[in-house]
Amino acid sequence: MPVGAVSATTGASGHQTGRVTTRASCPEDLRAVLFDSGGVLMQPIGGRWNPRADFEQTVLSYAPSITPEQFTAAIVTGDQFFAASPSTPDYDDYHRVMLRDLGVEPTSQLLADLRREVPPATVLETYPEVVGTLEELSRRGVRMAVVSDAWPDLPDLHAGLGIGKFFEAYTISAELGCDKPDPRMYHHASTALNLAPAQCLFVDDDPSLVAAAITLGYPGRAVCRNSTTSDVPSIASLTELLDLF
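Sequence order sets the numbering: in each chain, residues are counted from 1 along the sequence as written. Two thresholds apply to this predicted model, a pLDDT of at least 70 for residue-level local features and 80 or more for giving and counting side-chain atom pairs, whereas whole-chain, interface and lining totals are computed over all residues. Only heavy atoms go into the side-chain values, all of them from the structure, while hydrogens and water stay out.

**Student:** A description of unusual backbone geometry should follow, citing residues and the corresponding values.
**Tutor:** Note that the residue after N50, namely P51, is joined by a cis bond; omega there is -10°. Working definition: helices are DSSP H or I runs of at least four residues, strands are E runs of at least two. Numbering for both runs from the N terminus. The residue P51 is located in the loop between β2 (42–44) and α1 (55–60) in this model. Look at the link from K180 to P181: it is a cis peptide, with omega at 15°. Structurally, the position occupied by P181 is in the loop between α7 (173–176) and α8 (183–192). Residues other than glycine seldom take positive phi values, yet N194 does so here, at roughly 60°. You can see N194 is positioned in the loop between α8 and β6 (200–204). Type-normalised accessible area, obtained with a 1.4 Å probe on protein chains alone, sets the label of each residue: buried when under 20%, exposed when over 50%, and partly exposed for intermediate values. Judged by its relative accessible area of 69%, N194 falls in the exposed class.

**Student:** Could you give me a rundown of the pairing of strand β5 (residues 169–172), with the residues and numbers involved?
**Tutor:** Taking every second residue as pointing to the same face, both faces of β5 are buried, with A169 and T171 on one and Y170 and I172 on the other. Alignment of strand β4 (residues 143–148) against β5, held across four bridges, turns out to be parallel. From the neighbouring strand, A145 faces β5, where its bridge partner is A169. When DSSP finds at least two bridges between two strands, those strands are taken to pair.

What follows is the structure, encoded as structure tokens:
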């Protein structure tokens, strides 16, 4: 699920047990890595992806009587709106749903304030090993792309966090009109790199999305940083990707 004017996705996670980190399941001609973004490359400061961390403060500047309980209920409504959407919804539509639940008029000015640009580093951060791993993969000539259920500004967020320069292509759900595990999400990225699926390692923090990629012919790894994992090949840190190239 994307994060508000800081778009990104959270990986859902049905973490199970039994981590497998064998190299044997990856083809010898592996050439690229297709990364999910949220939960793999970056995370929200404070732990909440959506709405953005300053949502309450912004709304309160227009409607100071809104209570914490009302905000909690409105955010649940927003989550339900996401769940019912076939792909990443329009950013303003997402905010309108929550504002109407709060009984606040979704004026054009309020909507603009909720999506105003903020420095990505004020609300997002990369995981500790990300920059070093991307630098080393790049040094080794590994090509990289992003496959994310996100809003269109994701490349700008990555640029603001200092990692955008590593990626040759972006497949973004809000632009493609579908979410993972729709095959179009995976194929769009490998096609952009002019590589076969078998040459592209797909990495996501949702094991079910990794399993879907594997069925399409992509090698895959689930990122399970909490040490509990899934029934697909998985890693505890992105640094383990260096063993595959």
